[in-house]
Amino acid sequence: MKNTTPLESLGPDILRRIATRRATLREAGKLGLGFALASVPLAIAASAKRAFAQGLPQEVVDVLNFALTLEYLENEFYLMGLASGVIPGSDQSIFQTIQDHEQAHVDFLVGALGSAAVDQPEFDFTAGGMFDPFNDYPTFRLLSQAFEDTGVRAYKGQAPALMGSDTVLSQALSIHSVEARHAARVRRLNGLQGWIPFEQPGVAAAAAAVYAGEDNTTHAGVNVTAVTGVDDAEITESFDEPLTMQQVLAIADPFIVG
């Protein structure tokens, strides 16, 4: 009988995670240490998740399951993209790192929710034939940008619902900041600024909802144009607008089939 090593006894799924983590650390110098290690707070937070896994208010459970559904979507998108071969070698390490982060987010939220966690739905990233992300790399990058930009605004939109649970809010914000770093990195891959500009040249009608309201110049009841010499374009670039749960679900709905 063949003797197995300790690593071989772990099973293929765990081995894959070990391999991707090693690859992430190897690429830290290429991507920048801050980006490659952006998931470290999530790894630390995971050790404390059992402290609030029980007795969460229903409103918090609903928000976390909403976030979990988005993380399922992102994680599956990157898993399928990496497996498809559509990503060129020069960018594979970037999307492998992002996928590793999304997997950490999924694992964290599932652990926090326990038996209340929703199951992963079935996804169709062609949106019924509208897109072809796993055969066309520019389309893959644009969908990645749309998902990440949506995720940033989605977490911001749900923060008020978590105000009554400091621990959950803290962890949600730690995910929010990592999603923002993902969005900025992918936007630069698409030849864009890391932030969302006043004008969205070339944004397809199908992605318009992702950026709806980003031209707002009033914040916390203050018309910023009236209290600063900064022009409208720079004001809108200085603030990210939240998206409601209903707006986010409308964006995600074409990609969810079951």
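Residues numbered from 1 in each chain as written. Predicted model: local features only at pLDDT ≥ 70, side-chain atom pairs only at ≥ 80, totals over all residues. Heavy atoms only, no water.

Describing the side chain of His 182
And step 1. On the secondary structure map, His 182 appears in helix α8 (residues 166–189).
And step 2. Polar side-chain contacts of His 182 include one of 2.8 Å to the side chain of His 101. (Helix = DSSP H or I, 4+ residues; strand = E, 2+ residues; numbered from the N terminus. Polar contact = N/O pair within 3.5 Å; in protein donor to acceptor, adjacent residues only side chain to side chain.)

Remarks on the nonpolar core
And step 1. Phe 77, Phe 95, Phe 125 and Phe 140 are the most contacted members of the largest nonpolar core, which has 40 residues in total.
And step 2. Put simply, the parts of the chain that give this core at least two residues each are α5 (58–84), α6 (89–113), α7 (137–158) and α8.
And step 3. For this core, the element with the highest residue contribution is α5, accounting for ten residues.
And step 4. Residue contacts for Phe 125: discarding those within four places in its chain leaves Leu 73, Glu 76, Phe 77, Met 80, Phe 131, Pro 133, Phe 134, Leu 143, Phe 147 and Phe 255. (Core = buried A, V, L, I, M, F, W, Y, C linked by side-chain atoms within 4.5 Å. Buried < 20%, exposed > 50% of the residue type's maximum accessible area, 1.4 Å probe, protein only. Contact = heavy atoms within 4.5 Å.)

A word on empty space enclosed by the protein
And step 1. For the structure shown, the criterion picks out two cavities of 30 Å³ or more.
And step 2. Taken together, the elements giving at least two residues each to the lining of the largest cavity come down to α5, α6, α7 and α8.
And step 3. Tallying contributions element by element places α8 first for the lining of the largest cavity, with six residues.
And step 4. Of the residues belonging to the lining of the largest cavity, the class tally is 17 nonpolar, three polar and no charged.
And step 5. The volume enclosed by the second largest cavity comes to roughly 90 Å³.
And step 6. Leu 70, Leu 73, Glu 74, Phe 147, Thr 150, Gly 151, Val 248, Ile 251 and Ala 252 together form the lining of the second largest cavity.
And step 7. At the level of elements, α5, α7 and α10 (245–252) are the ones that each hand at least two residues to the lining of the second largest cavity.
And step 8. Along the lines of polarity and charge, the residues of the lining of the second largest cavity split into six nonpolar, two polar and one charged. (1 Å grid on protein atoms, 1.4 Å probe; cavity = no way out; pocket = protein on both sides within 12 Å on 5 of 7 lines; lining within 4 Å. Points joined across faces, edges and corners; volume = space filled by probe spheres on them. Nonpolar A, V, L, I, M, F, W, Y, C, P; charged D, E, K, R; others polar.)

Things to note about the packing of aromatic side chains
And step 1. Scanning all chains against the criterion turns up 16 aromatic pairs.
And step 2. Taking 5.1 Å as the distance between ring centres and 85° as the angle between the ring planes, the aromatic pair formed by Phe 77 and Phe 147 counts as edge-to-face. Of the two residues, Phe 77 sits in helix α5 while Phe 147 sits in helix α7, which places them 70 residues apart along the sequence. The pair formed by Phe 77 and Phe 147 is uniform in burial state, with each residue classed as buried.
And step 3. Each member of the aromatic cluster is reached from another via a ring pair, and the members are Phe 77, Tyr 78, Phe 95, Phe 123, Phe 125, Phe 131, Phe 134, Tyr 137, Phe 140, Phe 147 and Phe 255.
And step 4. Between the NZ or CZ atom of Arg 141 and the centre of the ring of Tyr 137, over which it lies, the distance is 4.8 Å. (Phe/Tyr/Trp six-rings, centres within 6.5 Å; stacked < 30°, edge-to-face > 60°. Lys NZ or Arg CZ within 6 Å of the ring centre and 35° of its normal.)

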